[in-house]
Amino acid sequence: MTRQPNIDPPDQDLPRAVLTPAAPARWSPERPGMITAPRQVSPGGLFGRPGPDTGWAFRIIRQVDLSEEERRAEPVLVTLMSARASLFGRAPVPEDLEVARILLGFDREASAGIVKRRHRWLKHARHEAVPGAGAAEEIGNELLALAPGPLRAAVADLD
């Protein structure tokens, strides 16, 4: 459509000779803050513990016959399972549930220290954005990475 010859277009409608702001001179994949490898992610805190298929922990837990107290601790169990699985870069497996149960003192007669710690974690889990994140931070990667056998000995030494 043509314009009337007596109407001048406003400056913002005229073609621009130079783009403003100018396009970047060169693109670089090394941008600050860009995470390109798993080792660059800070574990815990606001980053959490990302891992593949962490929702699989819910399926594992729901297939196992748990006590009523363990059912109440399900959010913390799921978080501990997911945190352990993410350390190995895989989805949760039944061994992760066994490790989480050991850490919470559900696998055998738990000492008073473990029961006290479990109650504290369950109490705080209700107020956390990710229930059980505080428990995972307190436990640390060293204990989470242990196999069930050595973990039982390590937990016994903690009390």
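Computed from a predicted model, the values in this text were never measured in an experiment. (Residues numbered from 1 in each chain as written. Predicted model: local features only at pLDDT ≥ 70, side-chain atom pairs only at ≥ 80, totals over all residues. Heavy atoms only, no water.)

### With respect to the overall build of the chain
Along the backbone of the chain there are seven helices and zero strands. Secondary structure elements of the chain, listed N to C terminal, follow the sequence α-α-α-α-α-α-α. Going through the 159 residues of the chain one by one, you find that 30% of them count as buried. Residue pairs at least 24 apart in sequence account for 60% of intrachain contacts in the chain once pairs closer than 6 positions are excluded. Carbon and sulfur atoms make up 56% of the accessible area of the chain, which amounts to about 10,900 Å² in all. (Helix = DSSP H or I, 4+ residues; strand = E, 2+ residues; numbered from the N terminus. Buried < 20%, exposed > 50% of the residue type's maximum accessible area, 1.4 Å probe, protein only. Contact = heavy atoms within 4.5 Å. Areas by Shrake-Rupley, 256 points an atom, 1.4 Å probe, with all protein chains shown as cover.)

### As for the packing of helix α3 (residues 74-88) against helix α4 (residues 94-104)
Contact geometry of α3 with α4 gives a least axis separation of 9 Å together with a crossing angle of 125°. Regarding the angle of α3 to α4, the classification is oblique. Pair α3 / α4 crosses with right-handed handedness. For the pair formed by α3 and α4, the contact residues are V76, L77, L80, M81, R84 and A85 on the first element and E95, D96, L97, V99, A100, R101 and L104 on the second. Tallied by class, the residues present in the contact of α3 with α4 amount to nine nonpolar, no polar and four charged. (Axes fitted to C-alpha atoms, helices over the stretch in contact; angles between N-to-C directions. Parallel < 35°, antiparallel > 145°, perpendicular 65-115°, else oblique. Left-handed = near helix turned anticlockwise from the far one by under 90°. Nonpolar A, V, L, I, M, F, W, Y, C, P; charged D, E, K, R; others polar.)

### Some points on the confidence of the model for the chain
When pLDDT is averaged along the chain, the result is 83, and 84% of the positions lie at 70 or above. By mean pLDDT, the top-scoring element of the chain is α4 (93), and the lowest-scoring one is helix α7 (residues 148-158) (83). (pLDDT = per-residue confidence, 0-100.)

### Some thoughts on α4
Those residues of α4 lying buried are D96, L97, V99, A100, I102, L103 and L104. Immediately downstream of α4, the backbone of G105 shows phi near 80°, a positive value.

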